[in-house]
Amino acid sequence: MKADIAYVQEKFREFNVKMFDGKLPELPISVTNAKSYLGVCLYRTRFKWNGKPEYYDFKLRISRRIDLSQDELDDTIIHEMIHYWIGLFSPADMPGHSPLFRKMMADINQRFGRNIRVSHRLSAEQLEQAIDNRPKKHVVARVVLKDGRTGIKVIPCMERHIRRYRRGMMASGIVSSIEFYQTTDPFFNRFPSSSAFKVYFVDLAEISAHLPDKSEG
Ligand SMILES: [Zn+2]
């Protein structure tokens, strides 16, 4: 299921009463289309007179990009609520997944039969959904190394980037040939697009399946 605001709001209230003694004040909740997280608890930091940090202005964001099971979605909400609780009531145990975070997580898992984890491991199918699938214009370099391996590099569609990449890679002494292809295949959206002197090794059959036959020179 995909999150919507009403659902997240309702679950926040339910879990607040059940798991956090109703101590968490309501906070702004939004549902986003982010691919970099399933959920995130945002906050601002200020420093008290004694130099200790204090956290405030909390916001809860849940991504609806990935289709999760209801349990996974609920666990994501609770995970972020633990961050919120610690930020409010035990700022010394911020940030991140501190020992207190892990303890609270383990307690809730045990008492309520949940399966909250420190990081969310996504299935291959879920990862696939997280990738932007809109067609974009890419230049893909197909790089054959002198040791026989073949890899690819996605480069911004600009002459100077292409030239820079070709020059740098050929100068490295380990490259035997580079061919450039133009494509809008969303398969390539998952690779970083830059002229950094890097090569990504992907299954050869997969490369051929996604690259057009004709080289663009
Ligand atoms: Zn976390």
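These figures come from a predicted structure and were not determined experimentally. (Residues numbered from 1 in each chain as written. Predicted model: local features only at pLDDT ≥ 70, side-chain atom pairs only at ≥ 80, totals over all residues.)

Of regular secondary structure, the protein possesses six helices and six strands. Written out in order from the N terminus, the α and β elements of the protein read α-β-β-β-α-α-α-β-β-α-β-α. Here the C-alpha coordinates of the protein stretch approximately 65 × 45 × 30 Å along the principal axes. Counting contacts in the protein only where the partners sit at least 6 residues apart, residues at least 24 apart contribute 69% of the total. (Helix = DSSP H or I, 4+ residues; strand = E, 2+ residues; numbered from the N terminus. Contact = placed C-beta atoms within 7 Å.)

Turning our eyes to something else, we now look at the packing of helix 2 (residues 70-89) against helix 3 (residues 99-112). Direction vectors running N to C along helix 2 and helix 3 enclose 135°, while the axes themselves pass 10 Å from each other. Accordingly, the angle class assigned to the pair helix 2 and helix 3 is oblique. Viewed along their axes, helix 2 and helix 3 form a crossing whose handedness is right-handed. Between helix 2 and helix 3, the residues in contact are I78, I82 and I86 and L100, F101, M104, M105 and I108, respectively. Here the contact of helix 2 with helix 3 is composed, by residue class, of eight nonpolar, no polar and no charged. (Axes fitted to C-alpha atoms, helices over the stretch in contact; angles between N-to-C directions. Parallel < 35°, antiparallel > 145°, perpendicular 65-115°, else oblique. Left-handed = near helix turned anticlockwise from the far one by under 90°. Nonpolar A, V, L, I, M, F, W, Y, C, P; charged D, E, K, R; others polar.)

Considered domain by domain, the protein is made up of domain 1 (5-128) and domain 2 (138-210). The C-alpha-based centres of domain 1 and domain 2 are spaced at 39 Å. (Domains from an automatic or database assignment.)

The next point concerns the environment of H138. Inspection of the secondary structure assignment puts H138 in strand 4 (residues 138-145). The buried category is assigned to H138, around which 20 C-beta atoms lie within 10 Å. A C-alpha to C-alpha distance of 5.8 Å links H138 and Q182, two positions 44 residues apart in sequence. H138 has contacts with V154, C157, T183, F188 and S193, leaving out every residue within four places of it along the chain. (Buried ≥ 20, exposed ≤ 12 C-beta atoms within 10 Å, placed from the backbone.)

Read from one edge to the other, the open sheet built from three strands follows the order 1-3-2, with strand pairing classed as mixed. What marks the edges here is a single partner per strand, and that holds for strand 1 (29-32) and strand 2 (39-47). Direction aside, neighbouring strands of the sheet carry axes that sit 30° apart on average. Two strands pair when backbone bridges link them, and strand 2 and strand 3 (residues 53-63) are joined in this way by eight bridges, in the antiparallel orientation. (Pairing = 2+ DSSP bridges.)

What follows covers the nonpolar core. Side chains of a nonpolar character, in soluble globular proteins, are inclined to be buried together. The biggest cluster of nonpolar side chains holds 22 residues, and the ones touching the most others in it are I77, I78, M81, I82, Y84 and W85. Listing elements by their share of this core, those giving two or more residues are helix 1 (5-19), strand 3, helix 2 and helix 3. For this core, the element with the most residues is helix 2, which contributes eight residues. Ignoring sequence-local partners within four residues, the contact set of I78 consists of F15, M19, I108, R114 and I116. Judged by nonpolar contacts, the second largest core, of twelve residues, contains I152, V154, Y165 and M169. (Core = buried A, V, L, I, M, F, W, Y, C linked by C-beta atoms within 7 Å.)

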